[in-house]
Amino acid sequence: MAFPQTRMRRLRASAPLRGLVRETDLRAGQLMLPLFVAEASSGDREPIATMPGVERLSLAAVVAEAREAAAVGIAAVMLFGVPAAKDEEGSGAWDEEGVVQLAVRAIKQAVPELLVATDVCLCEYTAHGHCGVLRGDGSVDNDASLELLARTAVSHARAGADLVAPSDMMDGRVGAIREELDGEGFADTPILAYSAKFASAFYGPFREAADSTPAFGDRRGYQMDPANGREAVREALLDVQEGADMVMVKPALAYGDLISAVRQATRLPVAAYNVSGEYAMVKAAAAAGYIDERAAVLEILTSLRRAGADTIVTYHAKDAARWLAEQT
Ligand code: PBG
């Protein structure tokens, strides 16, 4: 039956009716907040110009930030390290006294109920800024990088990380990390795999924050071509086979179709990463008065849930959690 018998507007007539038939929910407990912890920060908090509201944090400040995140009901933080020194191999990544390892221990001690996830990658620790080790000709050596990534993941787990999240896009890294974790007594540590991570223009502000811009070339030899959707599903399924516990699509806003496709292709929980450039666009437009920040952020996060994300990694997490608490 069509109009006039069917009237779609009947169920939109009041807030309670709209609430009754709302298909998608958004809760603070579904959000993960990325945090940058810096070894040699000048002061406790160093602003990041392109990401208003996000800062590079000292150890003390990262604990304070984690406490605040837990207080507003956020499920987890995702840690990124900004080390004082870099080298060819990125050895700071698996240093037991490295900046991320210290931060994990400090946060787990101060706020044990908050989940701590760690980004597992070499790009913040290598002098050349690529996500793996280089061959003589400057190309990234996939297989030689696997051992270093696995070592890094184990050092994070040993420090107390609740989840490890490899973002390097080397082939076989999920399997290599799973094997090393199991062998070292961390069979219960889940892997959140950045499965479909694209070579995106939207990572620009992050690279300033984490000081991880490649010194030469780009990441298109390991990160995915934004034109490829079927390949994203293949990547996710391979990570599932290798033992991933959760799979991620990144970036988020221009990739809703792939969040949905990955959601359909696997029964695993799916995460979406609402990346730095997406955050920067919203903040800039809101500061200019072009959009209403609160409404835009909640609409974006809800749309990612509707697309099929169980979990959302977002720099808006603290604001969103507060706004959601005010709504109810
Ligand atoms: C490290 C990494 C990056 C991001 C997460 N992990 C940067 C990159 O691959 O260049 C991007 C996050 C963001 O933009 O918010 N490999």
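Note that the structure is a prediction, hence the values are computed from the model and not measured.

Engineer: It is not clear to me how the nonpolar core should be interpreted in this structure. Could you clarify?
Structural biologist: Nonpolar side chains tend to gather and get buried jointly when the protein is soluble and globular. Within the largest apolar cluster, 82 residues are counted, with the highest numbers of intra-cluster contacts made by Val62, Val77, Leu79, Ile107, Ile177, Leu181 and Ile259. For this core, the leading source of residues is helix 4 (residues 142-159), giving eight residues. Apart from the residues within four sequence positions on either side, valine 62 is in contact with Leu35, Val37, Leu57, Leu79, Ala103 and Ile107. Counting 25 residues, the second-largest nonpolar core is a separate cluster that includes Ala165, Met248, Ala271 and Val313.

Engineer: Explanation requested: the packing of aromatic side chains in the structure shown.
Structural biologist: Aromatic ring pairs are described here by two measures, namely the spacing of the ring centres and the angle between the planes. Going through the model one piece at a time under the given rule, you end up with eight aromatic pairs. Each ring, one from phenylalanine 36 and one from tyrosine 315, has its centre 6.2 Å from the other, and the planes form 5°; the classification is stacked. With phenylalanine 36 in strand 1 (residues 31-38) and tyrosine 315 in the loop between strand 10 (311-314) and helix 11 (317-327), the pair connects residues that are 279 residues apart, well separated along the chain. On the basis of an interplanar angle of 80° and a centroid distance of 4.9 Å, the ring pair of phenylalanine 80 and phenylalanine 206 is categorised as edge-to-face. In this pair, phenylalanine 80 is assigned in strand 4 (residues 76-82) and phenylalanine 206 in helix 6 (residues 204-210), connecting sequence segments 126 residues apart.

Calculation notes
- Residues numbered from 1 in each chain as written.
- Predicted model: local features only at pLDDT ≥ 70, side-chain atom pairs only at ≥ 80, totals over all residues.
- Heavy atoms only, no water.
- Core = buried A, V, L, I, M, F, W, Y, C linked by side-chain atoms within 4.5 Å.
- Buried < 20%, exposed > 50% of the residue type's maximum accessible area, 1.4 Å probe, protein only.
- Helix = DSSP H or I, 4+ residues; strand = E, 2+ residues; numbered from the N terminus.
- Contact = heavy atoms within 4.5 Å.
- Phe/Tyr/Trp six-rings, centres within 6.5 Å; stacked < 30°, edge-to-face > 60°.

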